[in-house]
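# An overview of the molecular structure
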Amino acid sequence: MKKYVPSNIEPKWQKKWAQEDLNKTDLSNTKNKYYVLVELPYTSGDLHMGHWFTFTMGDILARFKRRQGCNVLFPNGFDAFGLPAENAAIKQKVHPRDWTYQNIARMKEQFGTMGVSIDWQKTAITCDPEYYKWNQWIFLKMLERGIAYRGKALSNWCPSCQTVLADENVEAGKCWRCGSEVVKKEVMQWFLKLTHYADKLLWQNPPQVDWPKPLIEAQNDWIGKSEGINITYEVAGTNEEIVCFTTRPDTNFGATFIVLAPEHPLVLKLSDEEYKNKVKEYIDQSAKKSELQRKENKEKTGVFTGKFAINQLNDEKMPIWVADYVLMGYGTGAVVGVPGHDRRDFEFAKKFDLAVKRVVVGKDGDTSAITQIEQVQEKEGKMVNSSFLDGLDIHQATKKIMDYLEKKGWGKKITIYHLHDWSISRQRYWGTPIPVIHCDNCGVVPVAEKDLPVELPYQVDYQPQGKPPLATSEDWVLVKCPKCGGKASREVETMDGFVDNSWYFYRYLDSKNEKSIFDKDLIANWIPVNIYIGGAEHTVGHTLYSRFFTKFFHDLGLISFDEYALKRVHHGVILGPDGARMSKSRGNVVNPDEEVKKYGADAIRLYLMFLGPFNIVTAWNPDNVNGAYHFLQRVWGLQEKVTGNSLQLTDKDLKLMHKTIKKVTEDIGQLKFNTAIATLMEWLNYLSKKDKVLLEEYKILLQLLAPFAPYITEELWSISGEKYSIHQQPWPQSDNKYLQEVEVSLPVQVNGKVKDVLLIQKDILDNKEVIEKMALTAEKVQKFLSGKSVKKVIYIPGKVISLVVSN
RNA sequence: GCUGGUGUGGUGGAAUGGCAUACACGCUCGCCUUAAGAGCGAGUGCUCACAAGGCAUAAGGGUUCGACUCCCUUCACCAGCACCA
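Residues numbered from 1 in each chain as written. Chains lettered and ligands numbered in written order. Predicted model: local features only at pLDDT ≥ 70, side-chain atom pairs only at ≥ 80, totals over all residues. Heavy atoms only, no water.

Looking now at the overall build of chain A. Across its full length, chain A carries 26 helices and 31 strands. Of all 807 residues assigned to chain A, the portion counted as buried reaches 52%. Sequence-distant contacts in chain A: of pairs separated by 6 or more residues, those separated by 24 or more amount to 71%. Here chain A holds 106 positive side-chain charges and 101 negative ones, and the gap between their average locations is 3 Å. (Helix = DSSP H or I, 4+ residues; strand = E, 2+ residues; numbered from the N terminus. Buried < 20%, exposed > 50% of the residue type's maximum accessible area, 1.4 Å probe, protein only. Contact = heavy atoms within 4.5 Å. Lys, Arg positive; Asp, Glu negative; His and termini not counted. Charge placed at Lys NZ, Arg CZ, Asp CG, Glu CD.)

What follows is the structure, encoded as structure tokens:
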């Protein structure tokens, strides 16, 4: 017997599998279709352990389902546009495109090493013009329907770099690149109207598909639907009105002030001369604050405008303030302050000495004046000091006053959402060009469909210099207006990379289609995908966006389903050996290539799957990799004991074999890979103790292990003279005949504690009296019965017999 | 602060109302070896010098003949969201 040396066998099979193209899926055969989708990797350079973990899971499922007779589609692609590519390229002085395609070649090779059975014919690379052409096509369709639009929004703005910055790129209020102070600025940008689909994106209860509960909760919170009322207040001594959104109009008799967000359009207009300077100063200050700073400092700040609004309910004058705890991005950017029943309003009132009124009875019937924050009763109670609302429960009061305010014409019921539209503009080079042309005469003119794709020019100065890189490429920018033929220029912004990866799994099926985004019938047959494996970090990003695209495709009439994945699972995370997230800066990265050199791909796959449940978050443990390797070596060593059919399998052999088949099959089906492997280990422990192992059982062992460890099983299969390939063998079936137990071990409990275990013949298992007698007379049980009386006997057939005993 | 989740040996974990600690790692002892490593065998929750027994699934309480599992309270940790009116 040769020694088990993974590096001697793995490359050999890799080559053969690649040649024979075993994983190619015939899409025209839709019988028992099964689409395994794993989040496409970002082209960052090398596959990391996380990729191994996730793709091994997908691969095991794909191999398992194929052998159960399913027509499996297991594709993969590359998420190839984005900031990291551009930054890496700038650093290494390589063109982002070259850098990206080099990485793709390398990563594909590494996927080969991993031994995953991906069908590379069905693929998508998001930076290929043949892919992003359809990004642009979708954008045009959205533009036609008003789902894509151009508008202004407050953003982090670096005045020296002349670009919008993500919150993550603002460090202590300063630009990460040039160090100048970042300000809030209204910037014209492209949006996708997520809010149009807010209600459709909201998950129903129960959900239509099997997605993780935490994701569903988080998405619904993110969408944040809330029903309330816009109340209009007159500003005393002016013709102006202020509209405030509130979900708690029931407390309106307790309103004592109004607060406007610093960005509210009325702020300066309303401010009295003597207060104007202070108000201006305050607005400037808060504009300079980044989102981060606003969140960090929760101490309330604000300034008075000098004006008052009138509460129609009781004709009281409410001072109008400006404060940055009110956000322009939510509701109307103006809030009516009810300090007695809102903690934030209370803090604000305390700080600036504003009146506090009680309108809801507190805990234990407290009706005293509210002076402490603990007395601020927010979510329940009965109304008081509120005229016609007195005595009502707050929820009844809310209904009553909403109707009242509407009838009086003072308010209008409205539903608002926390969800915002999606800003997709990026002042960057390495992304999908937004396919519009700006013309002085005609405004924004969409590029004609026949002129797609608008290709990204190669020769561009993508070094940072204060304007979008594409703007420097004049040949590309300057075009004739498609409408009037006059001077015009291309849009120089590119799309957020999350646009690209919101719909890639559709294109996988029809990636060469030049005429349309995809063939409708093909999609109807193959999507929704059966299982989508990905990371929990995409809860409110990618998975929400891709659901949004699906809703949009539905409206275009391209598809007829509502959700694109029947099941979504969040994989776990492999941390560094030190228990922290792997990162180059920490120096705790475990490089898969090096581990493969030491142990082979099979051992790494097995180790990762044996760690625990698929969603485990745990540290890399070199000792345990050794354990997985050890197991494979023992499987390898078993071939010495294998013998032909001169011997018969014993009853015990057969029982254990069929039990193992059943358990492994069930476990893989439920993604319980760790216990499936444990079951195989138990069986191996049994087989290793036998003098001879029969070919019949050895073959089954290899077949069950094959999805986890594709190389060693293929090799051993071939060594034992079986026909290529093990991965095309039908999945072993367990036979019920061997699963019937003749004897059952039955625990006997005395007052809930197990005292003995009886071996019971199966045919008397239903005979309560006999069992009872056996239990009562068992020696170990007797010891606990002396001097006591048996009160009650509970027998659960086949499971347990429980005696209740007392003195 | 809100939402969701988790808590079991020295370690990763198994068991989702019925024999707690499967499987693996680590450790200890033994065999083999000139030696190291690898391999093979035995042991390994705590307590009790052994045995018999008792105790143990974050802490406390409850439901049940029976609870890691269901319910309540508290604590700790993880993740996401967070001045959302």
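Turning our attention to the pattern of salt bridges. Oppositely charged side chains may form a pair once their charged atoms are brought near each other. Going through the model one piece at a time under the given rule, you end up with 36 salt bridges. Measuring nitrogen to oxygen at the nearest pair gives 3.8 Å for the salt bridge that ties Asp555 to Lys200. Here Asp555, found in helix 17 (residues 542-556), pairs with Lys200, found in helix 6 (residues 198-201); they are 355 residues apart in sequence, far enough to count as distant. Taken together, the salt bridges that share partners define one network made up of Asp46, Arg106 and Asp593. (Salt bridge = Lys/Arg side-chain N within 4 Å of Asp/Glu carboxyl O.)

Before going further, it helps to spend a moment on the protein's contact with RNA strand B. In the vicinity of RNA strand B lie 54 residues, with Thr247, Lys300, Arg344, Ser745 and Ser802 positioned nearest. For RNA strand B, a phosphate oxygen lies 3.4 Å from a polar atom in the side chain of Lys672. Asn674 places a polar side-chain atom, nitrogen or oxygen, 3.0 Å from a phosphate oxygen of RNA strand B. No other element matches the 6 residues that helix 22 (residues 673-689) contributes to the surface near RNA strand B. (Near = heavy atom within 4 Å. Polar contact = N/O pair within 3.5 Å; in protein donor to acceptor, adjacent residues only side chain to side chain.)

The strand order across the open sheet formed by 4 strands is 29-28-31-30, and the pairing between neighbours is mixed. Sheet topology places strand 29 (753-761) and strand 30 (789-796) at the edges, where each strand pairs with a single neighbour. Across the sheet, the axes of successive neighbouring strands diverge by a mean angle of 20°, strand direction being ignored. Pairing of strand 28 (residues 743-750) with strand 31 (residues 800-806) involves 3 bridges; the strand directions are parallel. Counterpart to Gln749 in the pairing with strand 31 is Ser802. (Pairing = 2+ DSSP bridges. Axes fitted to C-alpha atoms, helices over the stretch in contact; angles between N-to-C directions.)

Right, let's get into a nonpolar patch on the surface. On the surface, a nonpolar cluster with roughly 190 Å² of combined accessible area is contributed by Ile794, Ile796 and Val804. Its location among the elements puts Val804 in strand 31. (Patch = residues over 30% accessible without salt bridge, like charges linked within 9 Å, V, L, I, M, F, W, Y side chains within 5 Å. Areas by Shrake-Rupley, 256 points an atom, 1.4 Å probe, with all protein chains shown as cover.)

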